[in-house]
There are 2 protein chains.
Amino acid sequence: MEGIIRVAVDAMGGDNAPAEVVKGAVEAVAVREDIQVLLLGRKAAVEEELVKYTYPSHRIEIIDAPEVIETAEPPVIAIRKKKQSSIVMGMNMVKQGEADALVSAGSSGAILVGGQVIVGRIKGVERPPLAPLIPTEKGVSLLIDCGANVDARASHLVQFAKMGSIYMEHVVGVKNPKVAIVNIGAEEEKGNALVKETFPLLKECKEINFVGSIEARDIPHGEADVIVCEAFVGNVILKLYEGVASAFMGIVKQGMMSSLRSKIGALLVKPALKKTLKAFDASQYGGAPLLGLKGLVVKTHGSSKAAEVTNSILQCVTFKEQQINEKIKNNIEISSKEE
Amino acid sequence: MEGIIRVAVDAMGGDNAPAEVVKGAVEAVAVREDIQVLLLGRKAAVEEELVKYTYPSHRIEIIDAPEVIETAEPPVIAIRKKKQSSIVMGMNMVKQGEADALVSAGSSGAILVGGQVIVGRIKGVERPPLAPLIPTEKGVSLLIDCGANVDARASHLVQFAKMGSIYMEHVVGVKNPKVAIVNIGAEEEKGNALVKETFPLLKECKEINFVGSIEARDIPHGEADVIVCEAFVGNVILKLYEGVASAFMGIVKQGMMSSLRSKIGALLVKPALKKTLKAFDASQYGGAPLLGLKGLVVKTHGSSKAAEVTNSILQCVTFKEQQINEKIKNNIEISSKEE
C-alpha cells in the first residue's frame, strides 16, 4: 500500500448521511487512484448506499461503527462514552496511523474535543484552531480560529497565523499569503487588549506576510488570505456570513417574485445568477481543517452534499503530499527554541 | 419656544456635507412644526446651500463653526483643541441645554469621545453604548454596543440590555422587545468568559424580556430586537453586515450582466428588486444613538444622504417626547439602589 493515502470518512455525520457521504466517497476514488476510503458507520446503512455504485472494491472499505454521536450531545461525555462511534473510531485510526485523515460532517463539539483528546496536538502547538475557508469576491480566505476554544491568548493567535499561512500556501496554493488580524480599525493603536498585544508579535514574525489589521467589512472583498482572530469572533464572522448571505438571497428572491414583470425577468436571469453565485461558495475547496494535530481532522458542513465530501477527501491528499504537519512541526519547534 | 425641540446638526460631517445635511434639515422642518434646527458649520458654505431652499426662516438657524474635525484625526486631541468645530460646539450646546440633541455624520471617534467628555454620562451609567439599528428580514434590530469602548465588563452589558430595551420599545415602537446576547451556541453553558458571566445576570433582570443567546447567523433573520454584545464584537457584526451585503450585491449584479439573456432579465427585475432591497436598509429609521448621556447624541453614517439626516432629526423628537433619558435614569438608579 506504498503511496496510498487512507482517508477515514464518518459516514454517519451531517444532515445528508449516509447517502451523500457514500456518494462523495465513490466520486473521490474515481478522481484519484492513490486514495483509499474507510467508511465508518452502521454497516447495514452504509452498505445499502454503497451497493448503488460501481467502484473499485478494494478502494472503499466499510468499518462498522455501531454508535452515533448526536449533535446535541455534550461533546466531552460523548467522546468518552461512545467508543464505538464513527468519530471516536476514526480519530483512533488517525492516532494509530491506520488512517492519514478523518473527514466528518458530524458534531463540531465532538470533533474539536476528540481532535485534542484522542489525536493529540503536535508538540509546541498550544491550541489546535479550526480553520474554514470563506468565500470572497476574489476567491477564498482562511478564517482561523472558529473553534471551541474561546478567550485565546496572544501566543495562540501568533501560532494560528503561522499555521494558517502554511495551509493557505501549500494546500490552497496562494503564494506568500497575506495575513491580517481582525480589528475595529486600520490603525495599529486600535483594538481590544488581545489585538493590541498580538499586533506587534505578528509584525515581528518573519515567517509570515503580515499586512496588519483588517476591518470586518473588508473580509468579503478578499483583502487578506489568512484572517486571524480569536474563536468567539471567528464564530461570529463565520455564522454571520451565512446569515447575511441567506437573508439577502431571500430578499432578492422575494423581489424577483413580486410582480409578473419581475417573474419573467427572474426566469431570464436565473441561469447566469446561479453560475456566479456558485463561485461564492467555499465548499468546492473542501471542509475546515483542525490544524496543529498529530494527524489530519477535517470538519465539513453539517449540510454537506457529495461534492463537499469528495473535495474534503482530496484536500486530505494535498495535505499529506505537501507534508503540512511536518512544516507546522518545524515552524513551531523553531519558534519555541528561539524564545 | 415652549414645546419646540431644538436639534443641533453638524453641517460639516460626512461625505455629503454640507449639501445633503442642509437638504435633510429643510425636509425635517417641513415634516414637523415643532422642530428647530441649528446648523453648525462654516457659515458661508452652509449658507450657500441653504439659500437654495424655501423654508420658514425662524426654524433653521446657522451657527458659525469655523473648525472641522477630520475623520483621521486622533479624537481626544481633536476634541480638546478644536473648540470651534461643529462637533465640539454642538456637544456644548447639548450640555448647556441650548439644544436637545446633536446629529452628526462626522468622525465616530470624536463623537464617542466628545459624548463622554463634554456631554457626560447619566449618573449610574458606566459606559455610553453606540447602538445602531441593523436591517433584518422582519424589520430592524438594535445592535448594542458598537462603540469605541472595547473589553466591556458584565455589568456594562447588563446596562446596555436595559438601555437598548427602553430605546427599542419607546423610540422604535417594538412592544416588549426581545433581548438576546450574542453567543457561539444556543446553550447556556456556551460562550466566552464575558458571556458566561453576563448570561445569568441578564436572566435575573426583571425589566427586560431576555430570550437567551443568539447565534450570529440568526441576527439577519430578526430573531431578537435588542442584540447585546461587547463593542469589538458589535463592530465586527456591523461592518461584516455591510461587507457581505455589498459583496453579495456585486456578485448578483455581475451574474445579471453576464449574458444578453440575463441582461434583459435584469431590466425586468430591477424595479421590483430595488423596492424590496430598500426595505433592507435601516437608514429610514435614522442614525445610531449614543445612549446613557445627559443629552442625546446621534451618529449617522458617513455616507448619509438627506433622508437619513431628516430621519435622525425626527428620531430626536421621539427620543425627547418619550423621555428616554428620564426612563434610563430611573431604571439605572433603581438598579444601583438595589445592589
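Residues numbered from 1 in each chain as written. Chains lettered and ligands numbered in written order. Predicted model: local features only at pLDDT ≥ 70, side-chain atom pairs only at ≥ 80, totals over all residues. Heavy atoms only, no water.

Asker: Quick question: what am I supposed to make of the overall build of chain A here?
Answerer: Secondary structure assignment for chain A yields eleven helices and eleven strands. By the compact-globule yardstick of 20 Å for 339 residues, chain A fits well, its C-alpha radius of gyration being 21 Å. Taken along the three principal axes of its C-alpha coordinates, chain A extends 65 × 60 × 35 Å. Taken across its 339 residues, chain A has 58% of its residues classed as buried. Long-range contacts, defined here as pairs at least 24 residues apart, represent 72% of the contacts in chain A between residues at least 6 apart. Total accessible area on chain A stands at roughly 14300 Å², and carbon and sulfur atoms take up 51% of it. Here chain A carries 40 positive and 41 negative side-chain charges, and the mean point of each set is 3 Å from the other. (Helix = DSSP H or I, 4+ residues; strand = E, 2+ residues; numbered from the N terminus. Rg over C-alpha atoms; globule rule 2.2 N^0.38 Å. Buried < 20%, exposed > 50% of the residue type's maximum accessible area, 1.4 Å probe, protein only. Contact = heavy atoms within 4.5 Å. Areas by Shrake-Rupley, 256 points an atom, 1.4 Å probe, with all protein chains shown as cover. Lys, Arg positive; Asp, Glu negative; His and termini not counted. Charge placed at Lys NZ, Arg CZ, Asp CG, Glu CD.)

Asker: Would you explain the sheet that holds strand β6 (residues 140–144) of chain B in this entry?
Answerer: Remark on secondary structure: sheet strands pair via backbone hydrogen bonds, oriented parallel or antiparallel. Residues and elements named next belong to chain B. With respect to topology, five strands assemble into an open sheet ordered β5-β6-β9-β7-β8, the strand pairing being mixed. Strands at the two margins of the open sheet, each flanked by one partner only, are β5 (133–135) and β8 (209–215). Across the sheet, the axes of successive neighbouring strands diverge by a mean angle of 35°, strand direction being ignored. Bridge analysis of β5 against β6 gives three bridges, and the strand direction is antiparallel. Opposite proline 135, over in β6, you have valine 140 as the bridge partner. Across the sheet, helix α6 (residues 154–172) touches β5, β6, β7 (178–183) and β9 (226–228), and the angle it forms with β6 is around 150°. (Pairing = 2+ DSSP bridges. Axes fitted to C-alpha atoms, helices over the stretch in contact; angles between N-to-C directions.)

Asker: Would you mind showing me how to read the sheet that holds strand β1 (residues 5–10) of chain A here?
Answerer: Residue and element names in this part refer to chain A. Spatially, β3-β2-β1-β4-β11-β10 is the arrangement adopted by the six strands of the open sheet, whose pairing is mixed. Edge strands, defined here as strands with exactly one partner in the open sheet, are β3 (60–64) and β10 (288–290). This sheet shows a mean twist of 25° between the axes of neighbouring strands, independent of strand direction. Alignment of β10 against strand β11 (residues 296–299), held across three bridges, turns out to be antiparallel. Opposite alanine 288, over in β11, you have lysine 299 as the bridge partner. Along the sheet, helix α2 (residues 43–50) contacts β2 (35–41) and β3; its crossing angle with β3, the most-contacted strand, is approximately 160°.

Asker: Sorry if this is basic, but what is going on with the interface of chain A and chain B here?
Answerer: By a widespread convention, an interface's size corresponds to the accessible area lost as its parts come together. Opposite the 53 residues of chain A that make contact, chain B presents 53 residues. Summing both sides of the interface, chain A and chain B together bury roughly 4800 Å²; the carbon and sulfur share of this comes to 77%. Counting across the chain A and chain B interface gives four salt bridges. Lysine 239 of chain B is paired through a salt bridge with glutamate 215 of chain A; the nearest N and O atoms lie 2.3 Å apart. In this assembly, chain A and chain B are joined by 14 residue pairs in polar contact (both at pLDDT 80 or more). Counting only elements with at least two residues in the side of chain A that touches chain B, the list comes to β7 (178–183), α7 (193–204), α8 (231–256) and α9 (260–279) of chain A. Here the element with the most residues in the side of chain A that touches chain B is α8 of chain A; it accounts for 21 residues. (Buried area = accessible area lost by both parts, 1.4 Å probe. Salt bridge = Lys/Arg side-chain N within 4 Å of Asp/Glu carboxyl O. Polar contact = N/O pair within 3.5 Å; in protein donor to acceptor, adjacent residues only side chain to side chain.)

Asker: What is the right way to read the relation of the copies chain A and chain B from this model?
Answerer: Superposing the two chain copies requires a rotation about an axis and a translation along that axis. Relative to chain B, chain A is turned by 180° and slid 0.0 Å along the rotation axis, the superposed coordinates differing by an RMSD of 0.0 Å. Both copies are brought into coincidence by an operation consistent with a two-fold rotation axis. For chain A, the smallest separation between a C-alpha atom and the rotation axis is recorded for glycine 265 of chain A, amounting to 1.9 Å. Most of the interface of chain A is mirrored in chain B: 100% of its interface residues are interface residues there too. (Least-squares fit on C-alpha atoms with pLDDT ≥ 70 in both.)

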